[in-house]
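Structural features, examined
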Amino acid sequence: MPTDTLTVTDNRTGKTYEIKISDGTISATDLRQIRSSPEDFGLMSYDPAFLNTASCRSAITFIDGDKGILRYRGFPIEELAEHSSFLEIAYLLCEGELPTRSQLEVWERDISGHTYVHTSISKFLDGFRYNAHPMGMLLGAVSALSTFYPDAAHVLDRKQRYVQRIRLLAKMPTIAAFAFRHSRGLPYEYPRNDLGYVANFANMTFNIGGRFEPNRVLIRALEVLLILHADHEQNCSTAAMRAVGSSQVDPFSAISAAIAALYGPLHGGANEAVLHMLEEIGDIKNVPSFVEKLKKGHGKLMGFGHRVYKSYDPRARLIKRVADEVFEQTGLNPKLDIALELERIALQDEYFISRKLYPNVDFYTGLIYQAMGYPTEFFTVLFALGRTPGWLAQWEEMLLDPETKISRPRQVYIGHPTRPFVPIHRR
Ligand code: SDX
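Chains are numbered independently. Their residues run from 1 in the order of the written sequence. pLDDT decides what is reported in this predicted model: residues at 70 or higher carry local features, side-chain atom pairs at 80 or more are listed and counted, and totals for whole chains, interfaces and linings draw on all residues regardless. The basis for the side-chain values is all heavy atoms of the structure; hydrogens and waters are excluded.

**Quick look at the sheet that holds strand 6 (residues 75–76)**
We count it as follows: Whether two strands pair comes down to DSSP finding at least two bridges between them. Secondary structure elements follow DSSP: runs of H or I no shorter than four residues count as helices, runs of E no shorter than two count as strands, and numbering proceeds from the N terminus.
An order of 4-5-6 is seen for the three strands of this open sheet, with the pairing classed as antiparallel. Looking along the sheet, the strands with just one partner apiece sit at the ends: strand 4 (61–64) and strand 6. Of the pairings in the sheet, the one linking strand 5 (residues 69–72) to strand 6 comprises two bridges and is antiparallel in character. Each residue of the ladder has a partner; that of arginine 71, found in strand 6, is proline 76.

**What about helix 9 (residues 236–245)?**
Formally: Working definition: with a 1.4 Å probe on protein chains only, accessible area under 20% of the residue-type maximum means buried, over 50% means exposed, and in between means partly exposed. In this description, contact between two residues means that some pair of their heavy atoms is separated by no more than 4.5 Å.
Buried residues of helix 9: Ser237, Thr238, Ala240, Met241, Arg242 and Gly245, and no others. Buried residues in helix 9 make contact with helix 10 (251–263) and helix 17 (379–400).

**Some words on the site of the ligand**
The condition that has to hold: Here a residue is considered near a molecule or strand provided that any single heavy atom belonging to it is located within 4 Å of it. By the criterion applied in these results, polar contacts are pairs of N or O atoms within 3.5 Å in which, for protein atoms, one can donate a hydrogen and the other can accept it, and in which residues neighboring in sequence qualify only through two side-chain atoms. Surface accessibility in these figures is a Shrake-Rupley result with a 1.4 Å probe; residues are shielded only by whichever protein chains are displayed. Only Asp, Glu, Lys and Arg are considered charged in this grouping, and only Ala, Val, Leu, Ile, Met, Phe, Trp, Tyr, Cys and Pro are considered nonpolar; every other residue, Gly among them, is considered polar.
The full set close to the ligand counts 22 residues, and His232, His306, Arg307, Arg315 and Arg387 are the nearest of them. Between the ligand and arginine 315 there is a distance of 2.6 Å, counted from an oxygen atom to a side-chain nitrogen or oxygen. Here the ligand has 1,000 Å² of accessible area as a free molecule, and 74% of this is covered by the chains. Taken together, the residues that form the shell around the ligand break down as nine nonpolar, seven polar and six charged.

**Comments concerning helix 13 (residues 314–330)**
Convention followed: Expected span of a helix, by definition, is 1.5 Å for each gap between consecutive residues, and there is one gap fewer than residues.
Compared with an ideal rise of 1.5 Å per residue, which puts 17 residues at 24 Å, helix 13 spans 25 Å between its outermost C-alpha atoms and is within 8% of the ideal. Among all positions of helix 13, only Pro314, Arg315, Ala316, Leu318, Ile319, Val322, Ala323, Val326 and Phe327 are buried. Those residues of helix 13 hidden inside the fold are in contact with strand 5, helix 1 (77–83), helix 8 (216–228), helix 14 (335–346), helix 16 (362–372) and helix 17. Of the residues one or two after helix 13, glycine 331 is the one with positive phi, at around 90°.

**Observations concerning the sheet that holds strand 3 (residues 25–26)**
Ordered in space as 1-2-3, the three strands form an open sheet in which the pairing is antiparallel. Because the sheet does not close on itself, it has two edges, and the strands there are strand 1 (5–10) and strand 3. Pairing analysis gives six bridges linking strand 1 to strand 2 (residues 15–22), with the strands arranged antiparallel. In the strand pairing of strand 2, threonine 5 is matched with lysine 20.

Here it is, written out as structure tokens:
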């Protein structure tokens, strides 16, 4: 009967080792017993970008990259996007189950009670230049929140974790909307807790002098986009949240590390980069030459490709449906034709097919956000609002995982051997 082990022979010594296989993995620390000599440190695994390394066990999100499957706590994303509210999804990710009606009422009440930020945070935001990137403002303001809630440092206290989770879910939209208002030189529009979570965010963003009637179709479309962004297992920003959180720092500081990671153009910043790319192409007739330039290695097709999905990102499929509903309300975004032609060509071109490059979550979202009235530099902030419950759920799962230790990788040293100091007059 085959056992779940790997038999490894070290040809340097002729020794053979039995290494346990569990959940389709071997434990990297089991390699340390393989030594070339008694003073040898022992083998390590080498995987700089975690291309083939599981960093944790998680029960939150399941992705099948080949089949294009995404599930939150076992529920298919297609059903959740169809039937749930964003706060329901936030509860599901954080608590592990869909809330009952009374649980949801308490959850919504708790969140609506924390939407205001300390007036000093407004002063902090006022200090940014008029053209400061809103992701930089979000990053700064959220990390500053840690100085207002010193109790957040008690990360091993369940009640404290709940309070901070509520504060972050409640205050991120307020800070995001204030960052938008600052960039427009507009007075802050304070939270209205009589509105739903997403309508309140839209009101704080777009209300000018009380004349803002939320468009129900656009509010629901934005809510679906937030749901589609809510979690995505061990992506770059979640890995940052877990690594920084493993030092047991407060969640405001840990989530600011996640926001920083998301800011990058290869991650959440891609939705903004897609719009800049479509603006650079300018006209549908320029698409073929742009694609040829890419194939010569000049730049990347932003919004395409994924570390896990080697088929169509299931979110991109759902987002295209949201796009149709939004454009019915707002009129077609002229850049949509360029995006559709880019997708058509890429999906039939061997260069992209051989690299398994398909549209990802970021390819169409920017076109929708732009049609909703958000400026390009604000798109990644919207991604961060969606991802907040996922970051918080992954952070708490990490803290409660008995296998968690402070994240501290090893290295392969390739620097100088020891050498004597050289005084400056002899350099
Ligand atoms: C998100 O991880 C997540 O789950 C992230 C995310 C989430 O919800 O959290 O899904 C959100 O970040 C989506 C990705 C958004 N980023 C972009 O759209 C930027 C463009 N995409 C690429 O930069 C890239 O596809 C990545 C970063 C997304 C994935 O990169 P990998 O997995 O490291 O793959 P790779 O760079 O090793 O690419 C393999 C090959 C390479 O070609 P060769 O060097 O082997 O010839 O494919 C090429 C790459 O050059 N390639 C692309 C490309 N993406 C990969 N070539 C052109 N255009 C692209 N977009």
